[in-house]
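As a plain string of letters, each chain reads:
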Amino acid sequence: MNNIKAIMRRDLSAYFTSPVGYIFMMVFVTISVGLYITSFFSFPMADMRPYFDNLPLLLCVFIPAVTMRIWAEERKENTWEMLLTFPMEARELVLGKFFAALIFFALTLLSTVTVPVMLMSLGEPDVGAIISGYVGTLLLGGFFLSLGIFFSGFFKDQIVAFAVTLLTCFSFFLVGTGFIASYIDDRVPGLGSMLSDLLGLFGHYSPFTRGVIDLADIAYFLVWTIAFLVLNTIYIDGRNRPGAKAIFSGALVMSLAIGLLFNYLMAGSSLLRFDVTEDKIYTISPASKEILSELDTTVQLKVYITSRDKMPTGMKELEQNIVDKLEEMRIASGGTVDYTTIYMDVANVYSAPNADKDEEGEEKEEDAIEKRMLAKGVQPFNVQAMSQDEMTSKLVYSSIGVGYEDKAEEILPQIVPQSLQELEYRLVNTIHKMAREKVPVVALVAPKEAVNIDPQMRQILMQMGQPVPDSEDPYEYLQQVLEYEKYTVERVELTKESPLPDEYDTLAIINPRSLNDRQRWEISRALESGKSVIMAVQTYEWDYRSTPQGLSINRREETPGVNELLESYGLGVSTDILMDVNKVPLSIQGGGNTLQDMLRGPQQVNLPMHILVNNTSMSEDTAITNRLSALFYLWGTALDMDESKLGELGLDADVIMETSDRAWSIPSSAQLTGTSFEEPQNAERKAFPLMARVKGQFPDAFADAERPAWPKAQPPQPQFGQPPAPPEDDTPEAPAEAVEAKPGELILLGCSETFRKNFLRDANLDLFLNSVDAVTLNEKLAEVRGRKAINRMIDRPDDSTKSFWRAINYALANALIAGVGIAFLMNRRRSRNAYTMAHVSD
């Protein structure tokens, strides 16, 4: 160890006794951090994965530049032979140089610490994923260093050593990427996938960037690192000895064989995996374990999938990944989940009419499987595959069937690599809802909008025999996703003709308009009787039009009619215009009928009413919001909450979503000018509540009044030649039955545009489903749905903050490196001068 330390100190000091080492560090920091910071402030997220994703290519260039001189410099300066005469073994020389280079690389990585410091200051990054990324980068760097040291021993010319190491590093990286593997597979079937399994490093590095540390991935880097260090030791030790070439050749073949065999055995497998992410998103959640452990009967899961050899290159590991997840679920369930794999062949479905008959004219068993599964809903689907230098479509199977007791098998279609992270939720959700004795009912109240069609277009549609739509349903996706999630949905208008169903579990009211007393009475009765109510209210909308004179902005007032009811509970929806510095631009199409208007194209409108609510502004105490990504809160308003009245009524109200602390509001009666959309002074900015969850015994808001009657409908005007509509039935309603007072739950949101079909995706969709699951069933399913990586959006910083962190990342690290270098060189100069003066005086 003393010899290794001596060589390590000698080589490590060599990096810092000349400006070359400092220049290398400064170049690496500037390029790696610069690539990340360049796009960071355009779409700020507290996530370092884009940074780590860029490093392999950068290290393919940086590491060879570091290692090219390690042995080549010794040979160039004729210190090679002298070094070999030291009383040291070759392995001590190699390890000393390797550890010196590894420490230098680790110090270089440490110089990028300004990036995680910035993310922790501005947002809430996943620290575990950041640490995992640095661990993976250090292992990757160690592998490339051993490779570079190995090739540096062959060549006296540093440039040649650099070029060979560069090409080898690029080869290891590229052969592991899906594109190159697919390209090779297209030329020689199976070769690209085999090379990716045996040599490719990308599949072993990428789990570290996600926050997953697997012993198999660590072993990959260690095995190859050790292999090249051993080969370098054998080469140095046997140089100029008889038979050295034969010994080295044999060692080379044996080392490569061991490395390739190890990778072959470990391909697609996992030894021991550690999920170091903050919320353990790559591990079966406790909520899933609890749901599965409550099952009374074993769940049978069947994986219907195309065999690995017939899968496109990018999907060859899909079966293994699915089976790994199912095995985790089997263990977590305590044996109540079992699974089998059934291989499917598309050719057996789309074969010739008589191709699936045997000699006796009977259908072959393997062919019959595909035909039967096709009738059950197990269908192949198209995926992209490379063929003859072109992207083509290929039909494959990848579905999972869920069987529980004697119920019909539920099919989860199209399981692809991109949806694997949602597989746990899809399975647990299906199992949980199949195991229920009663299907929950959601009463959905959401308005449809009239469609104004140009008379000429209406005439054209009628002549073509096409239906002429009279209305559009902006919330139709809400009903569809609820039915997909195994809810029974009763779509009602909350009128006399379309009242609430007799039996329901949750009442969802989206964008209520001009509620009358009877409708408010029905909602109050639902809350008093212990029902769950979800209410999303829109106070106003904005109309943008692009004109030759500029952008025209008009506000359309809405009259929800909910505050008259909410005031009874100490709640309300503000009518003030809400604005925030966190905003998202919208694209609007130019208006007008001229050619110039049509050629003008869409225009970007970026106004503070287009609020973006980041994860940092959402409550971490409820599964409804704690795992949501950034949410689009378009034209929404704040909530009014009377804490004293809520306390008097014994209602427990929690704000689960709010704006950033740089939001402001403008009275609805104020005259808007250009300055109204500009950020005000600090004293006028604060965080506004946007969403609240209220629990408790809601009082009867109509306790001192009789039940309001339904408003009389305005009879439609009779068409010419048609008899008038019959008069409305005036039969008195039966008296309202008394309800038993029970604690209820209300989720109130000051925006309904969030749930329109134009914006119902990602976090907006998850918010709606989480809310319904939480109040109808429990929060377990919402917790499972949240088991995925979220985009940790950061509140948009001001210009001074941007300038500060740019200076820190671009200048501070480099200034520190340069300062250390200058101080070190000045100290060496003083020591040299002192030594010279001491000898002169002697």
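Quick notes on the rules
Residues numbered from 1 in each chain as written. Predicted model: local features only at pLDDT ≥ 70, side-chain atom pairs only at ≥ 80, totals over all residues. Heavy atoms only, no water. Salt bridge = Lys/Arg side-chain N within 4 Å of Asp/Glu carboxyl O. Buried < 20%, exposed > 50% of the residue type's maximum accessible area, 1.4 Å probe, protein only. Helix = DSSP H or I, 4+ residues; strand = E, 2+ residues; numbered from the N terminus. Axes fitted to C-alpha atoms, helices over the stretch in contact; angles between N-to-C directions. Parallel < 35°, antiparallel > 145°, perpendicular 65-115°, else oblique. Left-handed = near helix turned anticlockwise from the far one by under 90°. Contact = heavy atoms within 4.5 Å. Phe/Tyr/Trp six-rings, centres within 6.5 Å; stacked < 30°, edge-to-face > 60°. Patch = residues over 30% accessible without salt bridge, like charges linked within 9 Å, V, L, I, M, F, W, Y side chains within 5 Å. Areas by Shrake-Rupley, 256 points an atom, 1.4 Å probe, with all protein chains shown as cover. Disulfide = S-S within 2.5 Å. Pairing = 2+ DSSP bridges. 1 Å grid on protein atoms, 1.4 Å probe; cavity = no way out; pocket = protein on both sides within 12 Å on 5 of 7 lines; lining within 4 Å. Points joined across faces, edges and corners; volume = space filled by probe spheres on them. Core = buried A, V, L, I, M, F, W, Y, C linked by side-chain atoms within 4.5 Å.

Our next topic: the pattern of salt bridges. For the structure on display, the rule yields 27 salt bridges. Linking Arg 91 and Glu 89 is a salt bridge whose minimum nitrogen-to-oxygen distance equals 2.9 Å. Owing to a relative accessible area of 41%, Arg 91 belongs among the partly exposed residues under this scheme. Of the residues examined, Glu 89 reaches a relative accessible area of 44% and is grouped as partly exposed. In this structure, the salt-bridge partner of Arg 330 is Glu 327, at a minimum N-O distance of 2.7 Å. Residue Arg 330 and its partner Glu 327 are located together in helix H16 (residues 318–332), separated by three residues, close to a single helical turn. Residue classification places Arg 330 among the partly exposed residues on the basis of a relative accessible area of 31%.

All right, on to the packing of helix H20 (residues 476–484) against helix H25 (residues 762–776) then. Relative orientation of the contacting elements H20 and H25 amounts to 55°, with a least axis distance of 11 Å. When the interaxial angle is binned, H20 and H25 end up oblique. Seen from above, H20 lies across H25 with right-handed handedness. Only Leu 765, Phe 768, Leu 769 and Val 772 of H25 make contact with H20, whose side of the interface consists of Leu 478, Val 481 and Leu 482.

With that settled, consider the packing of aromatic side chains. With the rule as written, the count across this model stands at 33 aromatic pairs. On the basis of an interplanar angle of 45° and a centroid distance of 4.8 Å, the ring pair of Phe 28 and Phe 62 is categorised as tilted. One end of the pair, Phe 28, is in helix H2 (residues 19–40); the other, Phe 62, is in helix H3 (residues 49–67), and 34 residues separate them in sequence. Among the residues examined, Phe 28 registers a relative accessible area of 1% and is labelled buried. Judged by centre distance (5.9 Å) and plane angle (70°), the rings of Phe 172 and Trp 224 are edge-to-face. In this pair, Phe 172 sits in helix H9 (residues 158–174) while Trp 224 sits in helix H13 (residues 215–237), placing the two residues 52 residues apart along the sequence. The buried category is assigned to Phe 172, whose relative accessible area is 10%.

Once that is clear, we can look at a nonpolar patch on the surface. On the surface, Ile 103, Leu 107, Leu 110, Val 113 and Val 117 cluster together into a nonpolar patch covering about 390 Å² of accessible area. For the nonpolar patch, the element with the most residues is helix H6 (residues 90–110), which contributes three residues. Position of Ile 103 relative to the elements: it lies in helix H6. Classification of Ile 103 as partly exposed rests on a relative accessible area of 32%.

So, about the state of the cysteines. Applying the stated criterion to the full structure yields zero disulfides. In this structure Cys 169 is a free cysteine whose sulfur lies 5.4 Å from that of Cys 60, the closest cysteine sulfur available.

Turning our attention to the sheet that holds strand S12 (residues 488–492). If you walk across this open sheet you meet the seven strands as S12-S9-S13-S14-S27-S26-S24, and the pairing is mixed. The open sheet terminates on both sides in strands that have one partner only, identified here as S12 and strand S24 (652–658). On average, each strand axis in the sheet is tilted by 15° relative to the strand beside it, whichever way the strands run. Sheet topology places strand S9 (residues 441–445) next to strand S13 (residues 506–510); four bridges connect them, and they run parallel.

Attention shifts here to the layout of surface pockets. In this structure, the second largest pocket spans a volume of roughly 840 Å³. In this structure, the second largest pocket is lined by 27 residues; those nearest its centre are Pro 501, Asp 502, Glu 522, Arg 525 and Val 739.

All right, on to unusual backbone geometry then. Backbone geometry at Leu 494 places phi at a positive 55°, although glycine is not the residue there. Of note, Leu 494 is situated in the loop between S12 and S13. A residue is classified by how much of its surface remains accessible, and Leu 494, at 2% relative accessible area, is buried. One non-glycine residue with positive phi stands out, namely Ser 514, at about 50°. Residue placement: Ser 514 occurs in the loop between S13 and helix H21 (517–528).

Judged by nonpolar contacts, the single largest core of 74 residues is most densely connected at Tyr 15, Phe 143, Phe 144, Leu 201 and Phe 221. Take this core: its biggest share by element is 11 residues, from helix H8 (residues 127–152). Setting aside residues no more than four positions away along its own chain, Phe 221 makes contact with Leu 139, Leu 140, Phe 143, Leu 201, His 204, Tyr 205 and Phe 208. Judged by nonpolar contacts, the second largest core, of 40 residues, contains Leu 578, Ala 663, Leu 760 and Val 772.

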